[in-house]
Each structure stands twice: as C-alpha cells, then as structure tokens.
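# Structural features, examined
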Amino acid sequence: MRKTRSNATWSAFKFTPEMAHGELYDALSRVRAFYCEARVCYNFAFVNEPKQAKKYLVSGTVQGVGFRYFTQRAAAKLKVAGYVRNLRDGRVEVFVMGTPQQLHELRSMLERGPRFSSVTEVREEAASLDPQYEQNFVIGYPD
C-alpha cells in the first residue's frame, strides 16, 4: 500500500476488527483523509456522518452567467453528489447529497454565486436520497 504524506504514517496505527468505532474514527482523523492502493483511492473524511439530501431553488440573475458550471465546480470541491439544472421560470434547481457540513458549505457558495450573478433567494427543501446520483454531480437540462 502506498502511503500518503501526513503528520502521522499509516504504519503507526494498527486497525483491528475489535477496535471500537470511535477509536477507529479518531485514528483516521489523525492521518490524511485519503490513501491509495492499486490505483484506487479511498476517502475516510466522513466515515461516521450520515448523508442527507436537499434541493435548493436559487432565484435572481442566475441563468446565462455560468451558475451551473460554478455549482458543478463547488460540488466537486466539496465532494458532494447530485445535479444542477435551469428551470423554465428563470431559477436554478440544485439537488445535492452529502453530509450536513457539506450541504451548509454548498448553500453558502450558492448564496454568493459566480461573478456576474445576482442571487436574491435560496429556498431549501428536504429531499430523499437518489441512488442515481450517488457517485457524481452532473449538469442537467430542463424537462
């Protein structure tokens, strides 16, 4: 296994099946959140946190200003899944799945928007998890 650079090394920890859930999380939080093995990278950043789904409806000058691409870049940075699409009424719909912290950070980014946008409102609605968008964040198109 190739080890990533961090403050602690992987060899400093012995993970056992008997290790308490909290102890494992504490140990993982002391090393870098990613490690790679045979060209596959694993993310332990949010091992214990449950995923939630939210739908955001963004109003204002949000179409024709790169808002969907801005949202896709923000989602990639936060490592969340879902989609963004323009609505026929001029708003942008964002469906996202992630931890509560990730969702909060994305909402803050949506409220600012890209350079030439002017966001007047971000409405938040609860949504159910959708396995179709489990792995990636895509730009959708109006129905």
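Details of the structure are given in the entry above.
Residues numbered from 1 in each chain as written. Predicted model: local features only at pLDDT ≥ 70, side-chain atom pairs only at ≥ 80, totals over all residues. Heavy atoms only, no water.

Next up on the list: the nonpolar core. Within the largest apolar cluster, 20 residues are counted, with the highest numbers of intra-cluster contacts made by Tyr 56, Val 58, Val 92, Val 94, Leu 106 and Leu 110. If you list the elements that add at least two residues to this core, you get strand E3 (52-61), helix H2 (67-78), strand E5 (92-98), helix H3 (100-112) and strand E7 (137-139). With near-sequence residues (within four places) excluded, Leu 106 lies in contact with Ala 74, Ala 75, Leu 78, Val 94 and Val 96. Counting 6 residues, the second-largest nonpolar core is a separate cluster that includes Ala 53, Ala 81, Tyr 83 and Tyr 133. (Core = buried A, V, L, I, M, F, W, Y, C linked by side-chain atoms within 4.5 Å. Buried < 20%, exposed > 50% of the residue type's maximum accessible area, 1.4 Å probe, protein only. Helix = DSSP H or I, 4+ residues; strand = E, 2+ residues; numbered from the N terminus. Contact = heavy atoms within 4.5 Å.)

What follows deals with the sheet that holds E7. With mixed pairing, the 5 strands of this open sheet are ordered in space as E6-E3-E5-E4-E7. Taken across any chain shown, the strands that pair with only one partner, and hence form the sheet edges, are strand E6 (118-127) and E7. Each neighbouring strand pair of the sheet contributes to a mean axis angle of 15 degrees, computed without reference to strand direction. Relative to E5, E3 runs antiparallel, the two being bridged by 7 bridges. Among the inter-strand pairings, Leu 57 is bridged to a residue of E5, identified as Glu 93. Across the face of the sheet, H2 comes into contact with E3, strand E4 (81-86), E5, E6 and E7 while running at roughly 170 degrees to E7. Along the sheet, H3 makes contact with E3, E5 and E6, crossing E5 at roughly 160 degrees. (Pairing = 2+ DSSP bridges. Axes fitted to C-alpha atoms, helices over the stretch in contact; angles between N-to-C directions.)

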